[in-house]
Amino acid sequence: MSLPHALLTALIERPGAGSELAGRFDRSIGYFWQATHQQIYRELARLEAAGWIEGRAVDGARGRKRTYRVLPAGRAELARWTAESQEPLPIRDEMMVRLRAEAVVGPTALPDNLAALTRHHRERLKTYEDIEKRDFTPPPTDRAQQLRHLVLKAGIEYERQRAAFCEQAMALLS
């Protein structure tokens, strides 16, 4: 996935200023595609130069605040990218290598790391479940909301699986 397509998606969902977009990004797409605010602003400039978005200065705003909206060329690019086939992503997980290393050089402090990861995954799981309760109760009936809910449910399952995996690894190491 690319940052430009994530930003086009967010701007089609709701046009807005760069600072607003960066904040929204942190609370939605940012859960599964990270970008710094600096990267977001640089990419907005590239998208505008490509003719995919339009930025307009905000009257009366301090500094160079601009609001952005997606142009037809940007919507066409997002549709093209969405329809592109995607190869399965290989697993690249440092913890798997650490567990293999633990088998040959352990015992180490790996259980402490696993405990911290378990807490992280449980906290993220709670965040996602709170979002689900707030935003998807009752369950959505329109297609766009159902797709957003599906993405959230994938995050819920991922965090649940990772927490359980870490707990299983800790049990083996104790």
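A brief structural summary. For clarity, every value in this text was computed on a predicted model and none was experimentally measured.

Moving on, we get to the overall build of the protein chain. Helix and strand counts for the protein chain come out as 7 helices and 3 strands. Order of helices (α) and strands (β) in the protein chain, N terminus to C terminus: α-β-α-α-β-β-α-α-α-α. Computed over its C-alpha atoms, the radius of gyration of the protein chain comes to 20 Å, more than 25% above the 16 Å expected for a compact globule of 174 residues. By its C-alpha atoms, the protein chain is 60 × 40 × 40 Å across when sized along the principal axes.

So, on to unusual backbone geometry. Note on backbone geometry: most residues besides glycine have negative phi, and most peptide bonds are trans. Along the chain, Gly106 connects to Pro107 via a cis peptide bond; the corresponding omega equals 5°. For the peptide bond that leads from Thr137 to Pro138, omega is 0°, which places it in the cis range. Summarising the element assignment, Pro138 is placed in the loop between helix H6 (110-135) and helix H7 (143-173).

What follows deals with the pairing of strand E3 (residues 66-70). Pairing analysis gives 2 bridges linking strand E1 (residues 16-17) to E3, with the strands arranged antiparallel. Its bridge partner lying in E3, Gly16 is registered against Tyr68. Both strand E2 (residues 53-57) and E3 contribute to a ladder of 5 bridges, which runs antiparallel. Residue Arg56 lies in a different strand from E3, and its bridge partner there is Thr67.

A packed helix pair is summarised by two numbers, namely the angle formed by the two axes and the spacing between the axes. One way to put it is that helix H1 (residues 3-13) packs onto helix H2 (residues 18-26) with a least axis distance of 11 Å and a crossing angle of 105°. The angle between the axes of H1 and H2 places the two elements in the roughly perpendicular class. Counting all contacts with H1, which are made through Leu3, Ala6, Leu7, Ala10 and Leu11, the residues of H2 involved are Leu21, Arg24 and Phe25. Each residue belonging to the contact of H1 with H2 can be placed in one class, and the counts come to 7 nonpolar, no polar and 1 charged.

Residue position: Arg160 is located in helix H7. Residue class for Arg160 comes out partly exposed when judged on its relative accessible area of 35%. Along the primary structure Arg160 and Pro72 are separated by 88 residues, whereas in three dimensions their C-alpha atoms are 39 Å apart. Side chain to side chain, Arg160 and Glu157 meet in a polar contact 2.7 Å long.

Calculation criteria
- Residues numbered from 1 in each chain as written.
- Predicted model: local features only at pLDDT ≥ 70, side-chain atom pairs only at ≥ 80, totals over all residues.
- Heavy atoms only, no water.
- Helix = DSSP H or I, 4+ residues; strand = E, 2+ residues; numbered from the N terminus.
- Rg over C-alpha atoms; globule rule 2.2 N^0.38 Å.
- Pairing = 2+ DSSP bridges.
- Axes fitted to C-alpha atoms, helices over the stretch in contact; angles between N-to-C directions.
- Parallel < 35°, antiparallel > 145°, perpendicular 65-115°, else oblique.
- Contact = heavy atoms within 4.5 Å.
- Nonpolar A, V, L, I, M, F, W, Y, C, P; charged D, E, K, R; others polar.
- Buried < 20%, exposed > 50% of the residue type's maximum accessible area, 1.4 Å probe, protein only.
- Polar contact = N/O pair within 3.5 Å; in protein donor to acceptor, adjacent residues only side chain to side chain.

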